[in-house]
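Chain residues, written in single-letter form:
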Amino acid sequence: MTEEPKVRIKELYKIFGDVPQEALGHVRQGMTKSELLERHGHVLGLRDINLDIPGRKIQVIMGLSGSGKSTLIRHLNRLIEPTSGEIWVDGEDVLAMGDKALRHLRRFKMSMVFQKFGLLPHRTVQENVEYGLDIQGVDGTEAAERAAKWIARVGLAGFEGHYPGQLSGGMQQRVGLARALATDAEILLMDEAFSALDPLIRTDMQTILLELQEELHKTIIFITHDLDEALRIGDRIAILRDGEIIQASDPQEILMNPADGYITDFIKDVNRAKVVRMRSIMGPPAPAQGAPVAPGDTIEEALQKLHAAPDGCCPVMAGGDLRGTVGIDSAIQALKAPAAASAHYS
């Protein structure tokens, strides 16, 4: 039986302007984003977004500046109201929620981590992390204990009395992450959360997030414009362009089978040896003389075993079971970027 998605987005449109409903008709008839702006003075934010987001996974939504990714995430807790469409969380219609139900959603079910940290400068680290708990009505003693726990978990024990201005950017973002986790919300909305950080600090924050997710299994909706970041942390990736989803899939599927020329161009500079995994290139189980590799091993990790195998093939094993066979020829072929599905795209 297929598990219902944690979040379901159906036929979602967002148009910015004075008469969005009138403009919606033009968009549904095929008018492009540039045409809508030029002819009617309206901005197309989102066009016909359909996306099922599974629970307990990291869903990355990515695209270049202006693609609509931040607009989309702000619809989930209704910081932005849609022009048309549906948003469901745990089977509840978010757009039908009254003020009380919406406040409950924002306080208890969803937490948000912002690109610019969103910390209160006049509050200490401890007080910032307690902030969401105060809004939830958590008792002061319990709030202090929970905040201290998460401050320690993100590596900031000893900094509880510091103010945001006394911390580095990476430390401030750890405070933001601790604040979101302290509320025990099931869904984390992370809008370009690591984009303002230096590369090394950014990688460190990605590692912290993945380690915490290994234990907590939250539903994380993560916005980024960085493909390397998306491939590293995402269980699933949706790529937007001009307010539309161009491809939404498993990261390996996007790498191996890009939907069109735009996606092909998007992924062309990826170091495929570091991200293409054995499960994406293995064939059916068959006799193989090489040392076993795991389905999750990258080409880079498996290449030495493949090269050393007498027949150039290794069994792909998981949990003691034979899942398939992979050969060095398949690995070399996978290192080549796929040909564009279309030479041109509008």
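Quick look at the structure, then. Being a predicted model, the structure only gives us computed values, none of them experimental.

### Things to note about the environment of L303
Residue placement: L303 occurs in helix α14 (residues 299-308). Residue L303 is classed as partly exposed on the basis of its relative accessible area of 35%. Along the backbone, L303 and I332 are 29 residues apart, and their C-alpha atoms lie at a distance of 9.2 Å.

### Some words on the sheet that holds strand β3 (residues 58-62)
Ordered in space as β6-β7-β8-β3-β9-β10, the six strands form an open sheet in which the pairing is mixed. Edge positions in the sheet fall to β6 (110-113) and β10 (244-249), since each has one partner strand and no second. For this sheet, the mean inter-axis angle between neighbouring strands, taken without regard to orientation, is 15°. Those strands touched by helix α7 (residues 169-182) are β6 and β7 (187-191), and its axis lies near 175° from that of β6. Here helix α8 (residues 199-216) sits on the sheet and contacts β3, β7 and β8 (219-224); the angle it forms with β8, its principal contact strand, is near 165°.

### Here's the deal with the sheet that holds strand β1 (residues 7-16)
Where strands meet in a sheet, backbone hydrogen bonds hold them as pairs that are either parallel or antiparallel. Here four strands make up an open sheet; going across it, the order is β2-β1-β4-β5 and the pairing antiparallel. Of all strands in the sheet, those bounded by a partner on one side alone are β2 (43-53) and β5 (92-93). The pairing of β1 with β2 spans seven bridges and is classified as antiparallel. Bridge pairing in β2 places V7 opposite I53.

### Some words on the side chain of S111
Relative to the helices and strands, S111 resides in strand β6. Within the local environment of S111, its side chain forms a polar contact with the side chain of T183, the two groups lying 2.6 Å apart. Residues within four places of S111 in sequence aside, it is in contact with A180, T183, A185, I187, L188 and L189.

### Re the side chain of Q126
Structurally, Q126 can be placed in helix α5 (residues 125-136). In this structure Q126 touches A144, A147, A148, I151 and E160, once residues within four positions along its chain are discounted.

### Things to note about the pairing of strand β11 (residues 313-318)
Note: β11 against strand β12 (residues 321-327), six bridges, orientation antiparallel. When the sheet's bridge partners are listed, C313 is paired in β12 with G327.

### Description of the nonpolar core
Judged by nonpolar contacts, the single largest core of 62 residues is most densely connected at L177, M190 and F222. For this core, the leading source of residues is α7, giving seven residues. Residues within four places of F222 in sequence aside, it is in contact with I58, Q59, V60, I61, M190, F194, L209, E229 and I233. Formed by 25 residues, the second largest nonpolar core is a distinct cluster that contains V7, L51, M112 and L189.

### Brief notes about helix α6 (residues 140-153)
In a regular helix each residue adds 1.5 Å, so 14 residues correspond to 20 Å; α6 covers 20 Å between its end C-alpha atoms and thus fits that length. Within the span of α6, buried status applies to A143, A147, W150 and I151. Down the axis, α6 shows its buried residues gathered within 105° of arc, on one side only. With respect to the buried face of α6, the exposed residues turned more than 90 degrees away are T141 and E145. On its buried side, α6 packs onto α5, α7 and α8. Among the residues of α6, the N-terminal cap falls to D139, whose side-chain oxygen and the backbone nitrogen of T141 are separated by 3.0 Å. Downstream of α6 by a residue or two, G155 has a phi angle that is positive, lying close to 85°.

### Observations regarding α14
Taken together, the buried positions of α14 are I299, A302 and L306. Summarising the axial view, the buried residues of α14 lie within an arc of 75°, below the 170-degree limit, and thus occupy one face. Along α14, the residues that are exposed and aim more than 90 degrees away from the buried face are E301, Q304, H307 and A308. Tucked into the core, α14 has its buried residues touching α12 (272-275), α13 (278-281), β11, β12 and α15 (328-334).

Definitions and limits used
Residues numbered from 1 in each chain as written. Predicted model: local features only at pLDDT ≥ 70, side-chain atom pairs only at ≥ 80, totals over all residues. Heavy atoms only, no water. Helix = DSSP H or I, 4+ residues; strand = E, 2+ residues; numbered from the N terminus. Buried < 20%, exposed > 50% of the residue type's maximum accessible area, 1.4 Å probe, protein only. Pairing = 2+ DSSP bridges. Axes fitted to C-alpha atoms, helices over the stretch in contact; angles between N-to-C directions. Contact = heavy atoms within 4.5 Å. Polar contact = N/O pair within 3.5 Å; in protein donor to acceptor, adjacent residues only side chain to side chain. Core = buried A, V, L, I, M, F, W, Y, C linked by side-chain atoms within 4.5 Å. Expected span 1.5 Å × (residues − 1). Arc of directions from axis to C-beta.

Bear in mind that shape data such as this cannot, by itself, settle questions of function.
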